[in-house]
Amino acid sequence: MAYKTVEEINEKIRAGKAVVCTAEEILDIVEEKGVKKAAEYVDVVTTGTFSPMCSSGVFLNFGHSDPPIKMSKVWLNGVPAYAGIAAVDAYIGATELSEQLGMQYGGAHVIQDLIEGKDIELYAESYGTDCYPRKEIKTYINKNNINQAYMFNPRNCYQNYPAATNSTNKTIYTYMGTLLPNYGNVNYSTSGQLSPLLNDPEYRTIGIGTRVFIGGTQGYVSWQGTQHNPEQGRGENGVPLKLAGTLALIGDIKEMSARFVRASVYEKYGVSLFVGVGIPIPILDEDMLIKTAVRDSEIFTSIVDKSGQEDLDLKVSYQQLKSGSVEIRGKAVRTAPLSSIKRAREIADILKQQIISSEFLLTSPVEMLPKTNKISKLEVRGKSNENN
Amino acid sequence: MKTIKVCVYFPPNTITKPLMYHLVKDYDLQVNILNADISLNKNGKLVADVTGTEWNIEAGLKFIEEIGLEYKLFTKTIIWQEDECVHCGACTAICPSEAISMDKLSWQLCFVKEKCLVCGLCVKACPLNVMCLSE
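Residues numbered from 1 in each chain as written. Chains lettered and ligands numbered in written order. Predicted model: local features only at pLDDT ≥ 70, side-chain atom pairs only at ≥ 80, totals over all residues. Heavy atoms only, no water.

Participant: What am I meant to see in the layout of surface pockets here?
Facilitator: Space left empty within the atom packing is revealed by a probe, the size of a water molecule, rolled over the atoms. All names here are of chain A. In this structure, the largest pocket encloses a volume near 920 Å³. Lining the largest pocket are 37 residues, and of these Y158, Y161, P162, Y175 and L243 lie nearest its centre. Among the elements of the structure, strand 3 (49-52), strand 12 (148-156), helix 4 (196-199) and strand 23 (300-305) are those that each provide at least two residues to the lining of the largest pocket. Top element by residues in the lining of the largest pocket is strand 3. It accounts for three residues. Along the lines of polarity and charge, the residues of the lining of the largest pocket split into 18 nonpolar, 15 polar and four charged. The volume enclosed by the second largest pocket comes to roughly 520 Å³. (1 Å grid on protein atoms, 1.4 Å probe; cavity = no way out; pocket = protein on both sides within 12 Å on 5 of 7 lines; lining within 4 Å. Points joined across faces, edges and corners; volume = space filled by probe spheres on them. Helix = DSSP H or I, 4+ residues; strand = E, 2+ residues; numbered from the N terminus. Nonpolar A, V, L, I, M, F, W, Y, C, P; charged D, E, K, R; others polar.)

Participant: I keep staring at the interface of chain B and chain A and nothing clicks. Help me out?
Facilitator: The figure often quoted for interface size is the accessible area lost as the parts come together. Each partner contributes residues to the interface: chain B has 24 residues there, and chain A has 26 residues. Taken together, the connections running from chain B to chain A amount to two salt bridges. Of the charged contacts, one joins E98 of chain B and R334 of chain A as a salt bridge, the two residues approaching to 3.9 Å between their closest N and O atoms. Scanning the region where chain B abuts chain A turns up nine residue pairs in polar contact (both at pLDDT 80 or more). Taken together, the elements giving at least two residues each to the side of chain B that touches chain A come down to strand 6 (100-102) and helix 3 (121-125) of chain B. (Contact = heavy atoms within 4.5 Å. Salt bridge = Lys/Arg side-chain N within 4 Å of Asp/Glu carboxyl O. Polar contact = N/O pair within 3.5 Å; in protein donor to acceptor, adjacent residues only side chain to side chain.)

Participant: I'm lost on the sheet that holds strand 11 (residues 136-141) of chain A in this one. Help?
Facilitator: Within a beta sheet, neighbouring strands are joined by backbone hydrogen bonds and run either parallel or antiparallel to one another. Residues and elements named next belong to chain A. Read from one edge of the open sheet, four strands run 6-5-10-11, paired in antiparallel fashion. The open sheet is flanked by strand 6 (79-81) and strand 11, the only strands paired with a single partner. Direction aside, neighbouring strands of the sheet carry axes that sit 25° apart on average. Looking at chain direction, strand 5 (residues 73-76) and strand 6 are connected through three bridges and run antiparallel. Bridging across to strand 6, W75 finds its partner in P80. Seen against the sheet, helix 3 (residues 107-115) touches strand 5, strand 6, strand 10 (120-125) and strand 11 and runs at an angle of roughly 125° to strand 10. (Pairing = 2+ DSSP bridges. Axes fitted to C-alpha atoms, helices over the stretch in contact; angles between N-to-C directions.)

Take a look at the structure:
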């Protein structure tokens, strides 16, 4: 069954002999050559996505001032960062809002500004200790004068996201964009047949330690993402029908480009961050070839009513969503993507070129992603169970 | 010759002289209706591009007033800052005149300015602030 190992593929990459194509180009290759020959011929399939991913943020280490401060509260350009870790460490989350500007500017904008090399105003307060006497500091930082700045995103690359609509008679504003009344539109967010986890639906090659393209540089899968839900119902092709796997990713923002990390604002919802991710998939055997040759017509998701009024749950393929119109309750409804397919293609193509030119080598996972894990809801209760 | 974009408001239960007929026949105006939602029992409106000589356009607008209708001229336009756009598509399905759409092959945003009603929905829907209303 196995044709190649990751190490054999890497040898071909180092020798400049690897055959690499994107998850869209593979469709024509498999059509032309058939599964068996295509699996022998192709070594790596590259994927890509460029989507708003709220669960993103950056760890920073500012360096010590003289006299030193144990920063207990930190603001970056007026946006609060979490400082409840060591003295000059902080985490700036993408969705945090500016205390002065509200939704116009948030953590995602700070991250984009850092990547662009701009100066950021750092303001921090402390209660002062014997070893850290300073109680307040105001200065400017940028990515070149701080020690570390690495993105650590607890949840990226959601494997299959539901499309959103609105059954009520009022416009609603959501993280899935503006939803017009009376099923006025459907918004969906995916790069579909190019999407990383839809091309390795059962996590055979993507796992902990997998090297990835993130934000324009090379980073890694550091863990399962939050809400990782591998037990979701799946089609015969192994592709989940709803929300399933997720990835926690890590990468150095000093090496990133704002072309692949962009702050975004959703009207009356808040701030998010477009993150560009590309993951290479080694074609180990025919099964991986078949998995990467998945088409939009074979990937299904559900349309949900974001107003929460109707239990809609309509099954629809990404081919239908991408056609520009779907039918809801007998009415043709226009669809819009929220994820840039154009830039996802660019990422898959850059990754392909980097592998061809031996700049990017593949990795075997240090550990596989969990195959079992159920998502629980947050129970609301008045008192602790512990004293019962 | 010049072209203006105008929105004409129709209050409920109004039946006027045949507006289009007179604009075309009496004032020699080319009227391109971009959007119309008029019914007898509710407030209606019509958005159109109107092309003609300056003199005729002014006379035509005066005629609209004379038959008891109000109108508003669109002086602003939507500016798409294409260089900053990531072509996500969030502004497309909410565009009432389909002036903004996605090219299904390249997945690039297409903006046909002539079809734009300057409703401003795309300005709010754009997560990157690249759709702007001109001053």
